[in-house]
Amino acid sequence: MLGYTLKRLATGLVSLFVLATVTFFLVRLIPGSPFQNGGVSDQVVEAVEEEYGLNEPLFDQYLTYMGNLVHGDLGVSYQEPDTAVAEIIGRTWPVTVSLGLAALLAAVVLGTGLGILRAVSKSRIVREGILAGGMLAAGIPNFAVAILLLLVFSVKLGWFPAAGLLTPAHYVLPVISLALYPAAVISRLTGNTLSAELGKQYVLFARAKGLGRGRIIFTHALKNAWIPVLNYVGPASAFLLTGSFVVESIFTIPGLGREFVSSITNRDYTLILGLTVFMGMVVILVNLVTDLICAWMDPRMRRSYRGR
């Protein structure tokens with residue numbers, strides 16, 4: 001298990017290196033200069049680019065950046081010259097994480113509850129209704145949900161705030177926008193896997209022993225049924241924790257997503273790279289933790305990891 005964990009960490013570091021390398025050269029393909037704003041003359045742009053080392057050969061810039069990255073230096077934002085990229089990330093990630101955790105919790109609770117109801121309900125209308133609702137929710141992009149919720153519940157009805165993330169009421173609409181799709185997927189996975197588990201021999205044996213239905217579901221069947229769900233929750237939680245760019249922009253939330261969109265618009269190379277590396281690191285760590293939790297829940301996976 002330890003060997004597998006170390007191997008996954010090494011693979012993650014290689015993936016992070018490849019991600020930083022590809023992103024470095026891709027951002028240089030963005031037309032224009034980070035300093036061509038507000039009618040600045042070409043002479044001033046050239047002088048500022050020379051100050052930041054952008055006039056040097058591209059490969060030399062790459063080696064300089066990767067050397068700084070190894071020492072934990074993400075550089076300084078071109079649009080905020082007195083602000084380090086690490087400081088911008090430190091200022092915005094708590095906002096994005098708080099929103100992502102709220103959306104993740106809502107998706108897991110709602111999706112698991114609906115999945116259990118679909119698996120145990122004897123009503124065909126309930127089962128088909130949950131299935132149809134999940135398919136509908138999964139087919140609508142989160143930005144479309146966000147715009148619809150904003151127009152109806154904020155602009156027209158005035159029930160919830162339209163921008164920011166200052167009070168619990170501010171969380172309602174963006175959390176629903178982010179949680180709807182993963183909740184639909186979790187509901188479908190939970191319903192399918194739990195239905196299969198309830199037909200297995202150990203469940204029939206537990207019933208024969210006189211165990212109650214609730215105890216069988218929540219103590220035995222749900223634990224096994226939730227392993228495939230957990231494999232989905234890992235990548236989904238990484239996505240939610242790193243922020244939804246469009247949803248944060250729609251609700252004017254000062255998180256990582258809005259900063260990322262702004263950095264691309266402003267051609268802020270160092271900020272784009274810093275945010276990409278940070279988000280990539282979060283995705284790698286969350287997926288690793290998910291794999292370890294799955295191994296802890298399923299002895300068969302532990303044995304397979306020992307053999308790797």
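Now for a look at the structure at hand. Since the model is a prediction, treat every value here as computed from it, not as a measurement.

## Some thoughts on a nonpolar patch on the surface
- Together, Phe143, Ile147, Leu148, Leu151, Val152, Val155, Leu157, Trp159 and Val246 line one region of the surface with nonpolar side chains, adding up to about 850 Å² of accessible area.
- Among the elements that make up the nonpolar patch, the one with the highest residue count is helix α6 (residues 142-156) (6 residues).
- Along the chain, Leu157 turns up in the loop between α6 and α7 (168-198).
- When its relative accessible area of 38% is taken as the criterion, Leu157 is described as partly exposed.

## Quick notes on the nonpolar core
- Ranked by internal contacts, the top residues of the largest apolar core, which has 36 residues, are Leu194, Leu198, Trp226, Val233 and Phe251.
- At the level of secondary structure, the elements contributing two or more residues to this core comprise α4 (85-120), α6, α7, α8 (201-208) and α9 (213-242).
- For this core, the leading source of residues is α9, giving 10 residues.
- If near-sequence neighbours (up to four positions away) are discounted, Leu194 is found in contact with Ile116, Ala119, Ile217, Ala221, Leu222 and Ala225.
- Ala20, Leu69, Val85 and Val282 belong to the second-largest nonpolar core, a separate cluster that totals 26 residues.

## Examining helix α3 (residues 58-70)
- The end-to-end C-alpha separation of α3 is 18 Å, in line with the 18 Å expected for 13 residues at 1.5 Å each.
- Taken together, the buried positions of α3 are Gln61, Tyr62, Tyr65, Met66 and Leu69. Down the axis of α3, the buried side of the element spans an arc of 125°, and every buried residue falls inside it.
- Immediately downstream of α3, the backbone of Gly72 shows phi near 80°, a positive value.

## Topic: the packing of aromatic side chains
- Counted under the stated rule, the structure contains 6 aromatic pairs.
- Ring centres 5.3 Å apart and planes at 85° place the aromatic pair Phe24 and Phe25 in the edge-to-face group.
- For Phe24, a relative accessible area of 1% puts it in the buried group.
- For Phe25, a relative accessible area of 30% translates into the label partly exposed.
- Clustering of aromatic rings is evident, with ring pairs tying together Phe24, Phe25, Phe59, Tyr62 and Tyr65.

Rules of the game
- Residues numbered from 1 in each chain as written.
- Predicted model: local features only at pLDDT ≥ 70, side-chain atom pairs only at ≥ 80, totals over all residues.
- Heavy atoms only, no water.
- Patch = residues over 30% accessible without salt bridge, like charges linked within 9 Å, V, L, I, M, F, W, Y side chains within 5 Å.
- Areas by Shrake-Rupley, 256 points an atom, 1.4 Å probe, with all protein chains shown as cover.
- Salt bridge = Lys/Arg side-chain N within 4 Å of Asp/Glu carboxyl O.
- Helix = DSSP H or I, 4+ residues; strand = E, 2+ residues; numbered from the N terminus.
- Buried < 20%, exposed > 50% of the residue type's maximum accessible area, 1.4 Å probe, protein only.
- Core = buried A, V, L, I, M, F, W, Y, C linked by side-chain atoms within 4.5 Å.
- Contact = heavy atoms within 4.5 Å.
- Expected span 1.5 Å × (residues − 1).
- Arc of directions from axis to C-beta.
- Phe/Tyr/Trp six-rings, centres within 6.5 Å; stacked < 30°, edge-to-face > 60°.

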